[in-house]
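A structural walkthrough
Here's the letter readout for the chains.
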Amino acid sequence: MKLHVLGLPHTRSIAALSHCAFTGKVRRFAPMLAPLGFELIHYGVGAPDTQGWAENRVVMTPERQQDLLGYDPTEPSPAFIGRDVKIDSPLYREFNERLKLLLQSNVQADDWICAPFGWGHAAALTGHMKQVVETGIGYNHCFSANRIYESQAWYHRHLGRDQRIGWLSEFVVPNYFDVTEWPLRPLQPRGGTYVLYMGRLQDDKGLGIVIRLAEARPDLTFVLCGQGDPTPYCIHPNIEYHPPVHGAARATLMHGARCLLAPSQYVEPFGGVAVEAMLTGTPVLSSHYGAYT
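The text that follows walks through the structure, step by step, so that each part is easy to find. Residue indices follow the written sequence of each chain, beginning from 1 at its first position. At least 70 in pLDDT is required for a residue's local features to be given in this predicted model, at least 80 for side-chain atom pairs to be given and counted, and no such filter applies to totals for whole chains, interfaces and linings, which use all residues. Remark: hydrogens and water are excluded; side-chain values derive from all non-hydrogen atoms of the structure.

Under the DSSP-based scheme used, a helix requires at least four consecutive residues in state H or I and a strand at least two consecutive residues in state E, with every element numbered from the N terminus. Of regular secondary structure, the chain possesses 8 helices and 12 strands. As defined in this context, the radius of gyration uses C-alpha atoms, and a globule is described by 2.2 Å times the residue total to the power 0.38. Here the chain has a C-alpha radius of gyration of 20 Å; the compact-globule value for 293 residues is 19 Å, and the two agree. Whether a residue is buried, partly exposed or exposed follows from its accessible area with a 1.4 Å probe, protein chains only, as a fraction of its type maximum: under 20%, in between, or over 50%, in that order. Residues classed as buried in the chain amount to 50% of the 293 residues present. Here the accessible surface of atoms and residues is derived via Shrake-Rupley with a 1.4 Å probe, and residues count as covered only by protein chains that are part of the display. Of the roughly 13900 Å² that the chain leaves accessible, carbon and sulfur atoms contribute 58%. Positive residues here are Lys and Arg, negative ones are Asp and Glu, while His and the chain termini are left out of the count. A single reference atom marks each charge: NZ on Lys, CZ on Arg, CG on Asp, CD on Glu. Averaging the locations of the 25 positively and 27 negatively charged side chains of the chain gives two centres separated by 3 Å.

This is the structure in structure tokens:
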């Protein structure tokens, strides 16, 4: 079976941007499914840096993407990757116009199109809707009848919100990881030297809880690592900021932590950072709802 996998207009399918969860899904798609006999074609900005892709279709060059974004997404920045994501923006319009032409000339009747970013791809899929599957639903609104949700919690949230029955074309497939990228931490008698938060720096991720914990435990160092402006959160001397890391550096940072904090205040669709930590053997303290259950 041939699968056409759509990359994101505002990132690239490379390790330097893998702290974006949706980018990570695209990168790991071919290594996961190619050994099972699937033929995978990547569509995106530049080329992916993982193995297993049968072909790569360049929808847009990195240089053109940077022109339309107004910045280089691979450069360290206090802002979020995709902070300007709008499906009616010049970037998304041009990407989807190019993508639509490529799909029209490459997709056959028995192929499937894998859309990991929902409505971000919808404009390019006219004429192919029966062949589209949304492959990693961790967002609120869907457009295809063929759906794969990240967790049971998120799937049932959708069912309850929409007050509808389940469909036979809906499935739950948890996000996938390459365990070789997450070596176990060395044995440490005292279990690390700092408490780690890794993720977007914004209130609904539970940063207020992290601040209160840091205030209550001045004897511990709290490390915030992720995208966003750390200024509102680094208000105690024992709170430190670390820019986003990717690849093996994420495991290394987790190895040195006493635990990972994952105190999201909303229903997490998946919460991949908690899985990453557990793969390294780092304990996780999380919220008690959403996918964390």
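Alright, that's what it looks like, and here's the rest.
In summary, the pairing rule links any two rings of Phe, Tyr or Trp, Trp by its six-membered ring, whose centres are within 6.5 Å, and it sorts them by plane angle into stacked for under 30 degrees, edge-to-face for over 60 and tilted for everything else. For the structure on display, the rule yields 6 aromatic pairs. Ring geometry for F22 and Y139: centres 6.2 Å apart, planes at 35°, overall tilted. Here F22 is found in helix 1 (residues 21-33), whereas its partner Y139 is found in the loop between strand 5 (132-137) and strand 6 (147-149), with 117 residues between them in sequence. For F22, a relative accessible area of 16% translates into the label buried. What links up through ring pairs into an aromatic cluster is the set F22, F117 and Y139. Both a distance and an angle decide whether a charge sits over a ring: NZ of Lys or CZ of Arg must be within 6 Å of the ring centre and within 35 degrees of the ring normal. Its end group placed over the ring of F177, R28 keeps NZ or CZ at 4.9 Å from the ring centre. A cation over an aromatic ring shows up here: R164 above the ring of W167, its NZ or CZ 4.0 Å from the ring centre.

Let's shift gears to the pattern of salt bridges. Note on definitions: salt bridges are taken to be side-chain nitrogens of Lys or Arg within 4 Å of carboxyl oxygens of Asp or Glu. Counting across every chain of the model gives 13 salt bridges. Overlapping salt bridges, with partners in common, bring together R147, R161, D162, R164 and E170 in one network.

Here we take up the sheet that holds strand 6. In short, DSSP must find at least two bridges between two strands for them to pair. Here 7 strands make up an open sheet; going across it, the order is 3-2-1-4-5-6-7 and the pairing parallel. Each end of this open sheet is capped by a strand with a single partner; those strands are strand 3 (55-60) and strand 7 (170-172). Sheet twist, expressed as the average angle between the axes of neighbouring strands with direction ignored, equals 20°. Relative to strand 5, strand 4 (residues 112-115) is paired through 3 bridges, and the arrangement is parallel. Of the residues in strand 5, the one forming a bridge with I113 is V132. Should any heavy atoms of two residues lie within 4.5 Å, those residues are counted as being in contact. Under this scheme, a helix contributes an axis fitted over its contacting stretch, all axes are lines through C-alpha atoms, and angles between N-to-C directions fall in the 0 to 180 degree range. Seen against the sheet, helix 3 (residues 90-106) touches strand 1 (2-6), strand 2 (39-45), strand 3 and strand 4 and runs at an angle of roughly 145° to strand 3. This element, helix 5 (residues 152-162), spans strand 5, strand 6 and strand 7 of the sheet and lies at about 145° to strand 7.

Ordered in space as 10-9-8-11-12, the 5 strands form an open sheet in which the pairing is parallel. This sheet does not close on itself; its edge strands, each paired only once, are strand 10 (239-242) and strand 12 (284-286). The sheet shows a mean angle of 25° between the axes of neighbouring strands, taken without regard to direction. For strand 8 (residues 194-198) and strand 9 (residues 221-225), the ladder comprises 5 bridges, and the chain directions are parallel. Counterpart to V195 in the pairing with strand 9 is F222. Docked against the sheet, helix 7 (residues 248-255) engages strand 8, strand 9, strand 10 and strand 11 (257-262), running at close to 145° with respect to strand 8.

As a further point, take the packing of helix 2 (residues 62-69) against helix 3. Helix 3 packs onto helix 2 with a crossing angle of 150° between their chain directions and a minimal axis gap of 9 Å. Touching R64, Q65, L68 and L69 of helix 2 are P90, L91, E94 and R98, all from helix 3. Nonpolar residues are Ala, Val, Leu, Ile, Met, Phe, Trp, Tyr, Cys and Pro. Charged residues are Asp, Glu, Lys and Arg, and all others, Gly as well, are polar. When its residues are assigned to classes, the contact of helix 2 with helix 3 shows 4 nonpolar, 1 polar and 3 charged.

At their nearest, the axes of helix 7 and helix 8 (residues 272-280) sit 10 Å apart, and the two run at 70° to each other. By the angle between their directions, the pair helix 7 and helix 8 is classed as roughly perpendicular. The interaxial crossing formed by helix 7 with helix 8 has right-handed handedness. Taking contact as the criterion, the partners of R250, A251, M254 and H255 in helix 7 are, on helix 8, V273, E276, A277 and T280. For the contact of helix 7 with helix 8, the class distribution of residues is 4 nonpolar, 2 polar and 2 charged. Here the angle decides the label: under 35 degrees means roughly parallel, over 145 means roughly antiparallel, 65 to 115 means roughly perpendicular, and every other value means oblique. Handedness of each helix crossing follows the sense of rotation of the near helix against the far helix: counterclockwise by less than a right angle gives left-handed, clockwise gives right-handed.

This next bit is on the state of the cysteines. Cysteine sulfur atoms that come within 2.5 Å of each other are treated as a disulfide pair. With the rule as written, the count across this model stands at 0 disulfides. The thiol sulfur of C142 is not disulfide-bonded, and the nearest other cysteine sulfur, from C114, lies at 15 Å. For C142, a relative accessible area of 15% corresponds to the buried category.

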